Amino acid sequence: MASARSPLQAERRDPGIRRDLQLGVGALLGVVLIGTLWYHGVEQWPWVEAFYMSVITLTTVGFMEVRPLGDRGRLFTVALILMGVLSIGFMVNRFTDALIEGHFEEGIRQRKWKKQMEALNNHYIVCGFGRIGRQVAQEFQAEGVPFLVIDQSAEAIQVARELGYVALQGDSTLDATLLAARVQQAEGLIAALSTDAENLYVVLSARTLNPRIRTIARANTEEALQKLQRAGVTHAISPYITGGKRMAAAALRPRVVDFVDGILSGRDRTFYLEEYELAAEECPYVGQTLGKANLRARSGALVVAIRRADGQLIGGPSGDTLLLPGDLLLCMGTAEQLRRLGQLLYPRP
């Protein structure tokens, strides 16, 4: 598989071709200057005529001489033509090499990549593009969530870019790489690297650079789960423990698992689950009961549960349940119903 080059690697290679093209242009301009100085200083022509003669000589347009030339002037003109041919030939050669090597296409790709990077804001950073990282990226793409993939492997980055993802080749444990991924503007970070030590290091680095960032990390062992939690990770998830629980649930309650999977992930979902956090200064329903707010009738979405700011979970809240600042509403409905609910909870002025 063709290797993917990072923008820094591309910049290290491209200056060679760019420098040669600049050298060719400089040489051609130098030949024009030499010709102009000769015709003005030696042949005693006006500056405009000297410059004009140099240009038509180098471009070989076939015009007559501006003024009659002697043998010395004609010999110089022949030398001027040869110097011009060599300069132009060098430029054409390097330009052809640039086309063959995809220099200009690479430049377009790099400009597009930089624009995509600069546009990232409130995005998620996926560290590691292995089996777990790829699944996370697939879900984010299906949800329309802006995200960036980081991986050290050139092959993994190539695959990510072929899938249309914004990808950065580098070591996600380094602050420089996280800063290049705009971690300070990021909403969250997924640490899906292969070792617990790397995931812990990424979480610590990300939280240092952006204390507000949400961090979700992979843990391979129970000990790693505890260490990640002590490090302040928002969610520590063991794929083995989670996978085992899901397999047991699928065996015992297969219809429930199918229903939950159908509303949590996938592109062609009928129903969705969404969460809304209530802020006193933004939500007009804070302080009202759920029945008085009448969110179900107004939007069609169902409030499945409410998690209080202190962590208390209220499942199947009744109409008498009071909506408090900091409450997290877990709601289910179609995409249109949830959109209407969001407009009710966060009305725009």
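All values reported here derive from a predicted model rather than from experimental measurement.

What follows covers a nonpolar patch on the surface. A cluster of nonpolar side chains, Val256, Phe259, Val260, Leu264, Leu273, Leu302 and Val304, forms an exposed patch at the surface whose accessible area comes to about 530 Å². Of all the secondary-structure elements, those providing two or more residues to the nonpolar patch are helix 11 (254-264) and strand 8 (302-307). Per element, the largest residue contribution to the nonpolar patch is 4 residues, and it comes from helix 11. Within the element layout of this structure, Val256 appears in helix 11.

Now for the packing of aromatic side chains. Scanning the model with the defined rule gives 8 aromatic pairs in all. Residues Trp38 and Phe76 carry aromatic rings whose centres are separated by 4.3 Å and whose planes lie at 15° to one another, so their mutual orientation is stacked. Placement of the pair is Trp38 in helix 1 (residues 7-41) and Phe76 in helix 3 (residues 71-100), with a sequence separation of 38 residues. Residue Phe76 is classed as buried on the basis of its relative accessible area of 12%.

The end-to-end C-alpha distance of helix 8 (residues 196-209), which contains 14 residues, comes to 20 Å, matching closely the 20 Å that a straight helix rising 1.5 Å per residue would cover. Among all positions of helix 8, only Asp196, Asn199, Val202, Val203, Ser205, Ala206 and Leu209 are buried. In the core, the buried residues of helix 8 are packed alongside strand 1 (124-127), helix 7 (175-180), strand 4 (188-191), strand 5 (214-218) and helix 9 (222-230).

Moving on: the sheet that holds strand 1. In space, the 6 strands of this open sheet follow the order 3-2-1-4-5-6, with parallel pairing throughout. Each end of this open sheet is capped by a strand with a single partner; those strands are strand 3 (166-169) and strand 6 (235-237). Direction aside, neighbouring strands of the sheet carry axes that sit 15° apart on average. Sheet topology note: the strand 4/strand 5 ladder contains 4 bridges and is parallel. When the bridges of strand 5 are listed, Gly188 appears paired with Arg214. Packing against the sheet, helix 6 (residues 154-162) makes contact with strand 2 (147-151) and strand 3, and its axis sits at approximately 170° to strand 3. Strands in contact with helix 9 are strand 5 and strand 6; relative to strand 6, the strand with the most contacts, it is inclined by about 170°.

For the structure shown, the criterion picks out 4 salt bridges. Here Lys227 ties to Glu223 by a salt bridge, and the two come within 3.3 Å at their closest N and O atoms. Taken as a pair, Lys227 and Glu223 lie in helix 9 at a separation of 4 residues, close to a single helical turn. One salt bridge in this structure joins Glu336 and Arg339, with 2.4 Å as the shortest N-O distance. On the criterion of helical spacing, the pair formed by Glu336 and Arg339 is a turn pair, its members being 3 residues apart in helix 14 (residues 335-345). It is possible to trace a salt-bridge network through shared partners that takes in Glu336, Arg339 and Arg340.

Moving on to unusual backbone geometry. Within the chain, Gln44 stands out as a residue other than glycine whose phi angle is a positive 60°. Inspection of the secondary structure assignment puts Gln44 in the loop between helix 1 and helix 2 (47-59). Accessibility expressed as a relative area gives 56% for Gln44, which makes it exposed. Unusually for a residue other than glycine, Asn122 sits at a positive phi of about 55°.

In spatial order, the strands read 7-10-8-9; together these 4 strands make up an open sheet with antiparallel pairing. The open sheet has two free edges, formed respectively by strand 7 (272-277) and strand 9 (313-315), since each of these has just one partner strand. Between one strand and the next, the sheet's axes are offset by a mean angle of 25°, whatever the strand orientation. Sheet analysis places strand 8 next to strand 10 (residues 328-333), joined by 5 bridges and oriented antiparallel. Its bridge partner lying in strand 10, Leu302 is registered against Met332.

To characterise two packed helices, one gives the angle between the axes of the helices and the distance between these axes. Their axes nearest at 5 Å, the elements helix 10 (residues 239-252) and helix 11 cross at an angle of 125°. On the basis of the axis angle, helix 10 is oblique to helix 11. On helix 11, the residues touching Arg246, Ala249, Ala250, Ala251 and Leu252 of helix 10 are Pro254, Val257 and Asp261. By residue class, the composition of the contact of helix 10 with helix 11 is 6 nonpolar, no polar and 2 charged.

Okay, the nonpolar core next. Among the nonpolar cores identified, the biggest contains 28 residues, and Ile125, Leu148, Ile150, Leu178 and Leu189 are the most heavily contacted of them. The set of elements that each furnish at least two residues to this core consists of helix 4 (103-119), strand 1, strand 2, strand 3, strand 4, helix 8 and helix 9. Once residues within four sequence positions are removed from consideration, Leu178 is found in contact with Cys127, Ile150, Ser172, Val183, Leu189, Val202, Ser205, Ala206 and Leu209. Of all hydrophobic cores here, the second largest spans 18 residues; its members include Tyr272, Leu290, Ala301 and Leu341.

This brings us to the packing of helix 8 against helix 9. Interaxial distance between helix 8 and helix 9 falls to 10 Å at its minimum, and their mutual angle equals 10°. Between helix 8 and helix 9, the interaxial angle falls into the category roughly parallel. For the pair formed by helix 8 and helix 9, the contact residues are Asp196, Asn199, Leu200 and Val203 on the first element and Ala224, Lys227 and Leu228 on the second. Of the residues that constitute the contact of helix 8 with helix 9, the class distribution is 4 nonpolar, 1 polar and 2 charged.

Parameters and conventions
- Residues numbered from 1 in each chain as written.
- Predicted model: local features only at pLDDT ≥ 70, side-chain atom pairs only at ≥ 80, totals over all residues.
- Heavy atoms only, no water.
- Patch = residues over 30% accessible without salt bridge, like charges linked within 9 Å, V, L, I, M, F, W, Y side chains within 5 Å.
- Areas by Shrake-Rupley, 256 points an atom, 1.4 Å probe, with all protein chains shown as cover.
- Salt bridge = Lys/Arg side-chain N within 4 Å of Asp/Glu carboxyl O.
- Helix = DSSP H or I, 4+ residues; strand = E, 2+ residues; numbered from the N terminus.
- Phe/Tyr/Trp six-rings, centres within 6.5 Å; stacked < 30°, edge-to-face > 60°.
- Buried < 20%, exposed > 50% of the residue type's maximum accessible area, 1.4 Å probe, protein only.
- Expected span 1.5 Å × (residues − 1).
- Contact = heavy atoms within 4.5 Å.
- Pairing = 2+ DSSP bridges.
- Axes fitted to C-alpha atoms, helices over the stretch in contact; angles between N-to-C directions.
- Parallel < 35°, antiparallel > 145°, perpendicular 65-115°, else oblique.
- Nonpolar A, V, L, I, M, F, W, Y, C, P; charged D, E, K, R; others polar.
- Core = buried A, V, L, I, M, F, W, Y, C linked by side-chain atoms within 4.5 Å.

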